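# Coordinate inspection notes
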Amino acid sequence: MLHMVAKLHYVSDMSQIDIARKLGMSTATVSRMLQKARSVGLVRIEVIDLVSPEEITAELVAALGLKVAAVIDTPQSGVLGALAEPLGGLLRASGFGNGAVIGLGWGRAVREVVLAGLPPLGDAQVVPLNGGMQQAAPHFQINEFVRSAAEQIGGQPHFLHAPYLSSLELRDAFLADPSVRQTIALWDRLDCAIVGVGLTHAPQPTEASAATASEKALIGAAGDVIRHYVSLDGQLLPWDGEERMIAASPEQLRRTPLSIGVAASPEKAAGVIGAVRSGMINALVTDTTTAQAVIDLISSERTPD
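Remember, predicted model here, so these are calculated numbers, not experimental data. (Residues numbered from 1 in each chain as written. Predicted model: local features only at pLDDT ≥ 70, side-chain atom pairs only at ≥ 80, totals over all residues. Heavy atoms only, no water.)

### Considering the overall build of the protein
Across its full length, the protein holds 14 helices and nine strands. Against the 2.2 N^0.38 benchmark of 19 Å for 305 residues, the protein shows a C-alpha radius of gyration of 26 Å, more extended than a compact globule. Dimensions of the protein, computed from the C-alpha atoms along their principal axes, are close to 90 × 45 × 35 Å. Sorting the 305 residues of the protein into buried and exposed places 47% on the buried side. In the protein, the share of contacts with a sequence separation of at least 24, taken over all contacts with a separation of at least 6, comes to 70%. Surface summary for the protein: the accessible area is close to 14700 Å², and the carbon and sulfur share equals 53%. Looking at charge distribution, the protein has the averaged site of its 23 positive side-chain charges lying 8 Å from that of its 31 negative ones. (Helix = DSSP H or I, 4+ residues; strand = E, 2+ residues; numbered from the N terminus. Rg over C-alpha atoms; globule rule 2.2 N^0.38 Å. Buried < 20%, exposed > 50% of the residue type's maximum accessible area, 1.4 Å probe, protein only. Contact = heavy atoms within 4.5 Å. Areas by Shrake-Rupley, 256 points an atom, 1.4 Å probe, with all protein chains shown as cover. Lys, Arg positive; Asp, Glu negative; His and termini not counted. Charge placed at Lys NZ, Arg CZ, Asp CG, Glu CD.)

Right under this line is the structure:
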């Protein structure tokens, strides 16, 4: 009888009142039987310890081979803005200050951490990592990110008044402009890059206007870093028109001592892995849900079918 009562309550999820009615006994008797079932070991209740952010950070660094990472507990809302504090911690710990060159990419994650606030770092140079786009969406306003970040850091902004994508002729004309040349020359002196990790465009019809047909047609893309697309194994995937971009190159990002990816979405796990394996990012700021998705995906690759 103990076994039956225990199964009805803990397996079938029946209330004690319903069990009492079903078996023709009092609720007090059902309660005593459930207590006895636990005391004799017929029922064991286990509370699973959640993995702490510190533990999952260490696991993430090991799984991806990162220089450093910062992982926060996933908040109920405002996860991207919540990444500003751990990002600021990485920047302070890295000792960036006078003379440092910090590059910013575009995207929602970068916008939200800048809106939430970056720490004072001294007279650093803040530079956009790509040109602008003729889009009203706030997460494309790269020069505004630079202006705001430089104000918070206490540094100097460098603006890029050029489109991210144009014709080859116009690209050459923009690159011949002295102010543009001065700004993009800083890409070879980057001490730190802060970039988002984009999703592929196929599942995002709402962002179809932000990508060319060639970008949307990419096969095997896991994600992108300032429109440099990567596969899960970290291979760069060229697309028709990429040669017309005005943006820091993958090689320049690879040479950056600290290139920080900022991302918070389990759907971006493959993109994060691909971006790290490509060498374009070597540090990560994220939340526990995304970090676990990354670790699980890497683990699944190692598990034989």
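On we go.
### Some remarks on helix α13 (residues 269–278)
In terms of burial, α13 is a largely internal element, eight of the ten residues being buried. Of all the residues in α13, the buried ones are Ala269, Gly271, Val272, Ile273, Gly274, Ala275, Val276 and Ser278. If you follow the buried residues of α13, they end up packed against α4 (53–64), β6 (223–225), β7 (228–230), α12 (250–255), β9 (283–287) and α14 (288–302). Downstream of α13 by one or two residues, Gly279 has phi in the positive range, about 90°.

### Side note on the packing of aromatic side chains
Applying the stated criterion across every chain, the model contains three aromatic pairs. Summarising the aromatic geometry, the rings of Trp106 and Phe140 are spaced 5.1 Å apart at their centres and angled 65° between planes, so their arrangement reads as edge-to-face. You can see Trp106 sitting in the loop between β2 (101–104) and α7 (108–116) and its partner Phe140 sitting in the loop between β3 (125–128) and α8 (142–153), a full 34 residues away along the chain. Overall, the relative accessible area of 7% leaves Trp106 in the buried class. Here Phe140 falls in the buried class, since its relative accessible area comes to 6%. (Phe/Tyr/Trp six-rings, centres within 6.5 Å; stacked < 30°, edge-to-face > 60°.)

### A few points about unusual backbone geometry
You will see that Ile226, though not glycine, has its phi angle at about 40°, which is positive. By secondary structure assignment, the location of Ile226 is in the loop between β6 and β7.

### Topic: the environment of Leu170
Here Leu170 is to be found in helix α9 (residues 168–176). The class of Leu170 is partly exposed, set by a relative accessible area of 46%. Separated by 74 residues in the primary sequence, Leu170 and Arg244 place their C-alpha atoms 8.9 Å from one another.

### Some thoughts on the sheet that holds strand β4 (residues 156–157)
Spatially, seven strands are ordered β1-β9-β8-β5-β2-β3-β4 in an open sheet, and the strand pairing comes out parallel. The two strands at the open ends of the sheet, each matched to only one other strand, are β1 (68–72) and β4. Sheet topology places β2 next to β3; four bridges connect them, and they run parallel. Paired with Leu104 across the bridge in β3 is Pro128. With respect to the sheet, helix α6 (residues 84–93) is in contact with β1, β5 (192–196), β8 (258–262) and β9, its orientation differing from that of β1 by roughly 155°. The strands that α7 touches are β2, β5 and β8; relative to β5, the one it contacts most, it runs at about 115°. (Pairing = 2+ DSSP bridges. Axes fitted to C-alpha atoms, helices over the stretch in contact; angles between N-to-C directions.)

### A short note on the side chain of Asn130
Counting through the fold element by element, Asn130 comes out in the loop between β3 and α8. For Asn130, a relative accessible area of 1% translates into the label buried. In contact with Asn130, other than residues within four places in its own chain, are Leu104, Gly105, Trp106, Ile142, Leu160, Trp187, Ile226, Ile246 and Ala247.

Shape descriptors only; they carry no functional weight alone.
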